[in-house]
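# An overview of the molecular structure
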Amino acid sequence: MLNRVAVLSDIHGVLPALEAVLAEPDVRAADRIVLTGDITAGPQPTQVLDLLTSLGDHVIWISGNADRELLEYRRGQRDTIPDPIAPWAAEQLREDHLDLLGSLPQSLSLPVSGLGKVLFCHATPRDDEEVVLVDSRLDRWKEVFNGLDTDVRTAVCGHTHMPFVRLAHGRLVINPGSIGMPYGRTGAHWALLGPGVELRTTNFDIEAAVTQLSRASSYPEIAEWADYFLHARATDADALAAFAPRDGRDHSP
């Protein structure tokens, strides 16, 4: 049984945001750090992977759709990736990075004090791109949790970059938000589990981080990318409006 687990999701290759969160005392003291996917697709993919692998088995890894897409691109299994920065990020990865991404599970369960058996995944337990939101209808949650073991009473899902905690059919559902590409408000967002749930925000020097990324990354559009995402110029309303049609609500009775 783990007493404390820090959940870091959707880092998206933003090293200064990750470094700020890893410096948090509660993250350093956690029994494990769980990464719920989309670790690499961003401006500093190799630096982020090298830092995380240096932490050894303190870190538990889960693949996200963006990690899978980078691997598929490099392995010749796809010709394009919708995210403009992703093909560039894929080309930066070494073979050992690709081997690591190829070994990652889509989901896993861990026992956490106060929360019981907790399922960790990227988007939903059955699909790394499926969308569920804080206001998704209960029938949608029933659908995406279909087949899940009844003893899983807590589920942690990332993917949509917006933090929330809600109940759905008796299960506690947690989205820790995004470390590197937050929607709605600035800062690196993560969660601390055990014995309860705490949604956390780590604030860091945004302007210094934008400057660091602009100098350290060779991505051609890095200045615009860093300005947009680190300043969280996409509001939560913007993100919800973009994601909402993908959670099946338009097909509900």
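Residues numbered from 1 in each chain as written. Predicted model: local features only at pLDDT ≥ 70, side-chain atom pairs only at ≥ 80, totals over all residues. Heavy atoms only, no water.

### A few points about the environment of Thr46
The following threshold applies: Where helices and strands are cited, they refer to DSSP runs of H or I of at least four residues and of E of at least two residues respectively, numbered from the N terminus. Burial here depends on accessible area, computed with a 1.4 Å probe over protein chains only, as a share of the maximum for the residue type. Under 20% is buried, over 50% is exposed, and the range in between is partly exposed.
On the secondary structure map, Thr46 appears in helix 3 (residues 45-53). The exposure class assigned to Thr46 is buried, which follows from its relative accessible area of 17%. As for Thr46 and Ala89, which are separated by 43 residues in sequence, their C-alpha atoms are 8.5 Å apart.

### Here's the deal with the nonpolar core
Quick reminder of the rule: Among the buried residues, those of types Ala, Val, Leu, Ile, Met, Phe, Trp, Tyr and Cys that are joined through side-chain atoms within 4.5 Å form a nonpolar core. Any pair of residues with heavy atoms lying within 4.5 Å of one another is described as a contacting pair.
By size, the foremost hydrophobic cluster in this structure holds 59 residues, and its most contacted members are Leu8, Leu35, Ile39, Trp61 and Leu230. Sorting elements by how many residues they give to this core places helix 1 (residues 15-22) first, with 6 residues. Other than its neighbours up to four places away in sequence, Trp61 contacts Leu35, Ile39, Leu49, Leu52, Thr53, Leu100, Leu104, Pro105 and Leu108. Within the second largest apolar cluster, 16 residues are counted, among which are Ile60, Leu115, Ala191 and Leu193.

### Points about the pattern of salt bridges
Proximity of charged atoms lets side chains of opposite charge pair with each other. What counts is decided by this rule: Should a side-chain nitrogen of Lys or Arg be within 4 Å of a carboxyl oxygen of Asp or Glu, the pair is scored as a salt bridge.
In total, this model carries 20 salt bridges according to the counting rule given. A salt bridge links Arg74 to Glu95, with the nearest nitrogen and oxygen atoms 3.9 Å apart. Here Arg74 is found in helix 4 (residues 65-74), whereas its partner Glu95 is found in helix 6 (residues 95-102), with 21 residues between them in sequence. The closest approach of N and O atoms between Arg140 and Glu143, which form a salt bridge, is 3.5 Å. Of this pair, Arg140 and Glu143 are both found in helix 7 (residues 138-144), 3 residues apart, which corresponds to roughly one turn of the helix. Three or more residues joined by partner-sharing salt bridges are found here, namely Arg68, Glu72, Arg78, Asp128 and Glu129.

### Details of unusual backbone geometry
Across the junction of Gly194 and Pro195, the peptide omega takes the value -10 degrees, indicating a cis bond. Tracing the backbone shows Pro195 in the loop between strand 9 (188-193) and strand 10 (197-202). Positive phi is not limited to glycine here, since His169 has a value of about 55 degrees. Structurally, His169 is set in the loop between strand 7 (164-168) and strand 8 (171-175).

Purely geometric numbers; function is a separate question.
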